[in-house]
Amino acid sequence: MKIALVIERMDVSRGGRETSTAQVAAGLAGRSHAVTILCRTSSWRHEAVQICRLGERGLLRAVRLRNFIADVQKTIRRRQFDVVHAMLPVPGANVYQLRGGTSPGRFIAGLRRRSRLGAAVARLVAPLNLHRMATARTERLVVEDHRVLCLPVSEMIAEELHRHYGRAEGEGVRVIYNAVEVPETDAEQRLNHRRRLRGELGLKDDETMFLTVAKNFELKGVAEAIAAFAQWLKGRDDRPGGKLVVIGRQAVGKYRHLAVRRGVGDCVVFVPPVEDVFPWYAAADVCVLLSWYDPCSRVALEATRWGVPSITTVYNGAAEVLAAGAGVVVGSPKDLKAVVAAMEELADPRRRSLRADACRNLADRLSMKRHVDELIAAYGEILEKC
C-alpha cells in the first residue's frame, strides 16, 4: 500500500503524538508498505520513510493551519495514495486518528483546570482564539463525514466522539488503543541503571522513587503531584521516605519554589529533557501522571511495559489499562487525599510488586506491533470499500 501519514511537525522531541507517528511510520515501512509523511517541517529521518515537507505559509497560526491543509489536499490529489491517515482533521483523508483527543475535549479540559471565574473568562474569550476555532470547525467537518474512519486511541476519546459529534463505535469509529515501543534490555542492564541513578539521587534501597515525565507541567498536574508528595512524605514518620523526580523542561522556577514552600525542596528533583527516559523508568518505583487531559498517555504505557505501576487520573485514557491492576486511578489531580493514599499503597513493596506483575501481564497488549497490525487491518477494510 501507498500510505500518507499527515502531521503538522515531525519532530519527536515535541512529545507523544510525533513519537507515536514516527513509530507507526517505521512499523508500516517494516511491513513493506510505501510510507510518506506529509508535514510542515521535520527533523526526523528514517531510511524507509519518505518525508514530504510542505513548508509554512502565513503569519497567524490559523492561517498557517488553513494553508497546510490546502497543501496536503493538493499533494494527496497529485500523489494518489491508497490511504491517507491524518493525525489532525484534514478533509479528504480516509483516516482521522485522534492522538490529541477531540477539540471539545481539549477545551473542556482547559476549563476544568481553572477557577470558576477563570473558566467564565475562558468561555468569553474563546471565540477570539482563531486557531482553536478553525481546528474545531475543521474537526466537525471531518468527523461528520461518515466516509472517514475515526480511530480514537482510547475508549475515553471514543466516548467524546459520541458525546460531541454523535459518532458511536461501529459507526465508522474504531478504538485502536495507543501503543509504545520500548527498548530490549536485560535484567542486569536495568539493575545497573537503577543503581547508578538512585545512587546519584542519594536514594536508599528501601526509599521510594516517584517519577513524573512531562513537557506541559500544567496539563500533567506537576503542581498537584508536588503537593501530594509533600503530604505523603510528612506522614511517613519514622518509615522510609523517598523522592519525586520530575523530567521534562528547563524552566522549573515556580515549581521549585512550590516544592520549597511545601517543605520538600530537597526531595523534589527536576531533570531537563533527556534523550532516553528508560533508564529513569528502571530507577523508578512508581510513575505519577496527574493528567488534566490525556487521550492516552505514552508515559503511563511505557512505564507499564517496563513493569512500573502508575498513578493517574480518570482524565487519562491510559487509566483504562491501569484499571486492570497496573496502577491506581484517582478522580482528579485535585483529589489530594486519593493521590496520597495511592502513593502510600505503592510505597509498600509487597503491594507494589502485585501491581508490577499486572503491568508485565499487560505488556504485549501495549506493543506497537499490535497497534500497527490493527491499523493495517483497518486500511484493508477501507480499500475493500473503494
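Everything here concerns the structure above.
Residues numbered from 1 in each chain as written. Predicted model: local features only at pLDDT ≥ 70, side-chain atom pairs only at ≥ 80, totals over all residues. Heavy atoms only, no water.

Engineer: Break down the packing of aromatic side chains for me, citing the residues and quoting the values.
Structural biologist: As enumerated under the stated definition, the model contains six aromatic pairs in all. Summarising the aromatic geometry, the rings of F278 and Y281 are spaced 5.4 Å apart at their centres and angled 65° between planes, so their arrangement reads as edge-to-face. Here the residue F278 and the residue Y281 both occupy positions in helix 10 (residues 278-283), the gap between them amounting to three residues, near one helical turn. Relative to W306, the ring of F278 has its centre 5.2 Å away and its plane inclined at 50°; by these criteria the two rings are tilted. (Phe/Tyr/Trp six-rings, centres within 6.5 Å; stacked < 30°, edge-to-face > 60°. Helix = DSSP H or I, 4+ residues; strand = E, 2+ residues; numbered from the N terminus.)

Engineer: Break down the sheet that holds strand 12 (residues 286-289) for me, citing the residues and quoting the values.
Structural biologist: In space, the six strands of this open sheet follow the order 11-10-9-12-13-14, with parallel pairing throughout. Two strands in the sheet have a free side with no partner beyond their single neighbour: strand 11 (268-271) and strand 14 (327-330). When the angles between neighbouring strand axes are averaged without regard to direction, this sheet yields 25°. (Pairing = 2+ DSSP bridges. Axes fitted to C-alpha atoms, helices over the stretch in contact; angles between N-to-C directions.)

Engineer: Provide a residue-level description of the sheet that holds strand 3 (residues 34-39), including the pertinent values.
Structural biologist: Read from one edge of the open sheet, six strands run 5-3-1-6-7-8, paired in parallel fashion. Because the sheet does not close on itself, it has two edges, and the strands there are strand 5 (49-53) and strand 8 (149-152). Strand-to-strand twist of the sheet, defined as the mean angle between neighbouring strand axes without regard to direction, takes the value 20°. Strand direction decides the pairing type here: strand 1 (residues 2-6) and strand 3, joined by five bridges, are parallel. Counterpart to L5 in the pairing with strand 3 is I37. Helix 6 (residues 155-165) contacts strand 7 (95-98) and strand 8 of the sheet and is inclined by roughly 135° relative to strand 8. (Contact = heavy atoms within 4.5 Å.)

Engineer: Kindly report on a nonpolar patch on the surface, identifying the contributing residues and their values.
Structural biologist: There is a patch of nonpolar side chains on the surface, built from L117, V121, L124, V125 and L128 and spanning about 540 Å² of accessible area. Along the chain, V121 turns up in helix 4 (residues 116-125). A relative accessible area of 42% means that V121 is categorised as partly exposed. (Patch = residues over 30% accessible without salt bridge, like charges linked within 9 Å, V, L, I, M, F, W, Y side chains within 5 Å. Areas by Shrake-Rupley, 256 points an atom, 1.4 Å probe, with all protein chains shown as cover. Salt bridge = Lys/Arg side-chain N within 4 Å of Asp/Glu carboxyl O. Buried < 20%, exposed > 50% of the residue type's maximum accessible area, 1.4 Å probe, protein only.)

Engineer: For the side chain of H371, give the residues involved together with the corresponding values.
Structural biologist: With respect to the element layout, H371 can be found in helix 15 (residues 368-385). Among residues more than four places away in sequence, those in contact with H371 are V24, Q97, R99, I176, Y177, N178 and A179.

Engineer: Please set out the packing of helix 3 (residues 103-112) against helix 6 residue by residue, giving values where relevant.
Structural biologist: As a packed pair, helix 3 and helix 6 sit with axes 9 Å apart at the nearest point and diverge in direction by 95°. Compared by their axis directions, helix 3 and helix 6 come out roughly perpendicular. Facing helix 3, whose interface residues are P104, G105 and I108, helix 6 presents E160, H164 and Y165. Along the lines of polarity and charge, the residues of the contact of helix 3 with helix 6 split into three nonpolar, two polar and one charged. (Parallel < 35°, antiparallel > 145°, perpendicular 65-115°, else oblique. Nonpolar A, V, L, I, M, F, W, Y, C, P; charged D, E, K, R; others polar.)

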